[in-house]
Amino acid sequence: MEFMLVVIFAIIMIVLVCGNDSLPKQYRRRVCTGRRWQRAFPDATKQDIRRFLSDFTLAFAFVERDRLQFAPTDKILDIYRVLYPHQWMPDSLEIETLAEDIDAKYQIKLKDIWHDDLTLGEFYRATHI
């Protein structure tokens, strides 16, 4: 009986550790996008880009180590829709959290720059003018 409990506990732990990747598959499969960010923003430091992407990943509750899986051409709304493909699905207020965080950090209102095709690159540019 004890052996079965240990096996069950081990299986649960493996599932929790290995299966807890919140990053959607299409982004998880990518190679690091750091070069794409550097090409898009040659004057930006790696630290600035990583800090910005950390803000984004934290607002969307992604693991911070995955921040360079997102490219400057990725549309924020597309990322959101991968997480919530159906309109009736309740969300975790990711865009609202992002808006609050960016307002507090950069004094920029997301609503002032928002359009449905807003990319992470455009968003980065708006925060670093």
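Here, every reference points to the structure presented above.
Residues numbered from 1 in each chain as written. Predicted model: local features only at pLDDT ≥ 70, side-chain atom pairs only at ≥ 80, totals over all residues. Heavy atoms only, no water.

**Observations concerning the overall build of the protein**
- Helix and strand counts for the protein come out as eight helices and zero strands.
- Per-residue burial for the protein yields a buried fraction of 35% across its 129 residues.
- In the protein, 62% of the contacts between residues at least 6 apart in sequence involve partners at least 24 apart.
- Carbon together with sulfur atoms contributes 57% to the accessible area of the protein, which is approximately 8,700 Å² in total. (Helix = DSSP H or I, 4+ residues; strand = E, 2+ residues; numbered from the N terminus. Buried < 20%, exposed > 50% of the residue type's maximum accessible area, 1.4 Å probe, protein only. Contact = heavy atoms within 4.5 Å. Areas by Shrake-Rupley, 256 points an atom, 1.4 Å probe, with all protein chains shown as cover.)

**Some words on helix α5 (residues 76-83)**
- Here α5 has its buried residues at Ile76, Leu77, Ile79 and Tyr80. Taken down its axis, α5 places every buried residue within 160° of arc, on the same side.
- Buried residues along α5 sit against α2 (25-28), α4 (46-59), α6 (94-106) and α8 (120-127). (Arc of directions from axis to C-beta.)

**A look at the nonpolar core**
- Formed by 29 residues in total, the largest nonpolar core has its most connected members in Trp37, Phe56, Phe60 and Phe70.
- Contributing elements (two or more residues each) for this core: α4, α5, α6 and α8.
- With five residues, the single largest contributor to this core is α4.
- Beyond its immediate chain neighbours, meaning those up to four positions away, Phe60 contacts Ile76, Ile79, Tyr80, Leu83, Glu94, Ile95 and Leu98. (Core = buried A, V, L, I, M, F, W, Y, C linked by side-chain atoms within 4.5 Å.)

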